[in-house]
Amino acid sequence: MTGKRVIALCGGIGGAKLARGLYELLGLDLTVIVNTGDDFEHLGLMISPDVDTVLYTLADLNDPERGWGRAGETWNFMASLAQVGGETWFQLGDRDLALHVERTRRLQEGQSLTRIVHDVARRFGISAEVLPMSDDPVRTIVATDAGPLPFQRYFVRSRCVPVVRAITFEGADAARASPELRAAFKQPGLAAIVICPSNPYLSVDPILAVPEMRELLQETEAPVVAVSPIIGGAAVKGPTTKIMAELNIQATNASIARHYMEIIDGLVIDSGDGSEAASLPVASLTTATLMNSLDDRVTLARDVLDFARELASSPQRVRPRYSAG
Ligand code: GDP
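The notes below deal with the structure included here. (Residues numbered from 1 in each chain as written. Predicted model: local features only at pLDDT ≥ 70, side-chain atom pairs only at ≥ 80, totals over all residues. Heavy atoms only, no water.)

Things to note about helix α9 (residues 211-219)
Listing the buried residues of α9 in full gives E212, M213, L216 and L217. Across the axial projection of α9, the buried residues extend over an arc of 135°, all falling on one side. (Buried < 20%, exposed > 50% of the residue type's maximum accessible area, 1.4 Å probe, protein only. Helix = DSSP H or I, 4+ residues; strand = E, 2+ residues; numbered from the N terminus. Arc of directions from axis to C-beta.)

Right, dumping it as structure tokens:
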């Protein structure tokens, strides 16, 4: 690799785990681009769930049991909201609330989400750059057998029970990449781009739906490596394989590889899935991908970066994304 800067594309809980491992190794040489398709307005507040999960996780402020929100959280606001008959299906902890209130105030003043996230990251002591995928609104809409549902209505309120027919990203076509995001791709010394093991359909696809994002990924010289979010044919957590079944996609690593085919150079799959390696349409690395501890995250991050380095120096590197353009 010519440089050591790394860009990671990330959704929420699953993606943030690997981002935390990468951060341990790279510090300020890491840029994390985060899904904002889950963002929504609720109780008059602008909420960015995946961005906040990444911020809390990189700053070690996250609740490791729940996965989302802050450690040591209290719930007085929710209890009081229920008492006065307010909407309580989306949980907002007392500590977490402060970030939503401050973000909303600053957005209403006309500041960009990128700027706000940058400032909060610095206040949390995070040296990596955390960038929303766009400052323009993109909203994930899940078409289900119960009708079209905005993302949080599907994910939180309906607990992913409705059968998914299609997923669309409202506003994505018109959404621009921020100058900070374009600069992250253009600065010299980009060694690798890592697609974290986030839900491909709900967390990574909205990022890829921003036209400039896709162009930047197709143009980059750096190897692009994805880590599969499925292990042994099942998701570690969440609805990834349920959605795959509903969209008639087999829950295999080959399906994940095909999904990312136009943009990746390699896929990282779990040791237990080694027998699937031969069926993959891209180069692969087989290693332990289940991340329970910080050690697991750092070890996987190191493996992923080594794999990217190998791909970058491989003379037979197949880059299907170049043939498209
Ligand atoms: P969400 O937005 O909070 O649902 O989080 P993401 O989309 O970032 O992550 C959800 C995905 O992460 C699921 O498909 C999980 O299978 C995957 N995931 C969670 N933990 C792990 C892990 O330790 N290893 C791997 N390989 N995948 C994981």
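Now that the structure is up, let's keep going.
Some thoughts on the sheet that holds strand β5 (residues 129-132)
Strand order in the open sheet made by the seven strands is β5-β2-β1-β9-β10-β13-β14, with parallel pairing throughout. The open sheet has two edge strands, β5 and β14 (283-287), and neither has a second partner. Sheet twist, expressed as the average angle between the axes of neighbouring strands with direction ignored, equals 20°. Pairing analysis gives four bridges linking strand β2 (residues 30-34) to β5, with the strands arranged parallel. Considered in β5, the bridge of V32 is made with V130. (Pairing = 2+ DSSP bridges. Axes fitted to C-alpha atoms, helices over the stretch in contact; angles between N-to-C directions.)

Examining the pattern of salt bridges
The final tally for this structure, using the stated rule, is 17 salt bridges. Across the pair R20 and D60 runs a salt bridge, and its minimum N-O distance is 2.9 Å. Of this pair, R20 sits in helix α1 (residues 13-26) while D60 sits in the loop between α2 (49-58) and α3 (76-83), and the two are 40 residues apart along the sequence. Of the charged contacts, one joins E212 and R176 as a salt bridge, the two residues approaching to 3.0 Å between their closest N and O atoms. A residue pair is termed long-range when its members are at least 10 positions apart, and E212 in helix α9 and R176 in the loop between β8 (164-170) and α7 (179-186) qualify at 36 residues. The exposure class of E212 is buried, given its relative accessible area of 14%. Counted as one network, the salt bridges with shared partners bring together R20, E24 and D60. (Salt bridge = Lys/Arg side-chain N within 4 Å of Asp/Glu carboxyl O.)

So, the pairing of strand β13 (residues 266-270)
Of all the five residues making up β13, five are buried; the element is thus mostly covered by neighbouring parts of the structure. Burial along β13 is two-sided: the residues G266, V268 and D270 and L267 and I269 are all buried. Pairing geometry for strand β10 (residues 224-227) and β13, over three bridges, is parallel. Directly across from V227, in β13, lies its bridge partner V268.

Side note on the site of the ligand
The local shell around the ligand holds 22 residues, among which S198, S203, P229, T240 and T289 are the closest. Measuring from an oxygen atom of the ligand, one finds a backbone N or O atom of G15 at 3.0 Å. One of the backbone N or O atoms of M291 is found 2.7 Å from an oxygen atom in the ligand. Out of a free accessible area of 600 Å², the ligand has 94% covered by protein chains. A per-element tally of the shell around the ligand places α1 first, with four residues. Of the residues belonging to the shell around the ligand, the class tally is nine nonpolar, ten polar and three charged. (Near = heavy atom within 4 Å. Polar contact = N/O pair within 3.5 Å; in protein donor to acceptor, adjacent residues only side chain to side chain. Areas by Shrake-Rupley, 256 points an atom, 1.4 Å probe, with all protein chains shown as cover. Nonpolar A, V, L, I, M, F, W, Y, C, P; charged D, E, K, R; others polar.)

As for the side chain of E276
Note on placement: E276 falls in the loop between β13 and β14. Here E276 sits buried without a salt bridge, and the closest side chain of opposite charge, R258, lies 9.0 Å off (N-O distance). When residues no more than four places from it in sequence are discounted, the contact partners of E276 are T252, N253 and A254. (Lys, Arg positive; Asp, Glu negative; His and termini not counted. Contact = heavy atoms within 4.5 Å.)

Quick word on the sheet that holds strand β6 (residues 139-144)
The three strands lie next to each other as β7-β6-β8, forming an open sheet whose pairing is antiparallel. Where the open sheet ends on each side, the last strands, each with one partner, are β7 (147-150) and β8. For this sheet, the mean inter-axis angle between neighbouring strands, taken without regard to orientation, is 25°. Inspection of the sheet shows β6 paired to β8 by six bridges, in the antiparallel sense. Residue A143 lies in a different strand from β8, and its bridge partner there is A166. Across the sheet, helix α8 (residues 200-208) is in contact with β6 and β8; its angle to β8 comes to roughly 25°.

A closer look at the packing of α1 against α2
Contact geometry of α1 with α2 gives a least axis separation of 9 Å together with a crossing angle of 35°. As for the relative orientation of α1 and α2, their crossing is right-handed in sense. Note on element contacts: α2 touches α1 through T53, V54, T57 and L58, opposite I13, A16, A19, R20 and Y23. Grouping the constituent residues of the contact of α1 with α2 by class yields six nonpolar, two polar and one charged. (Left-handed = near helix turned anticlockwise from the far one by under 90°.)

Considering the environment of I230
When you line up the elements, I230 lands in strand β11 (residues 230-231). The buried category is assigned to I230, whose relative accessible area is 1%. Residues I230 and I207, spaced 23 residues apart in sequence, show a C-alpha to C-alpha distance of 20 Å. Residues within four places of I230 in sequence aside, it is in contact with A235, T240, T241, M244, A251, T252, N253, I256 and D273.

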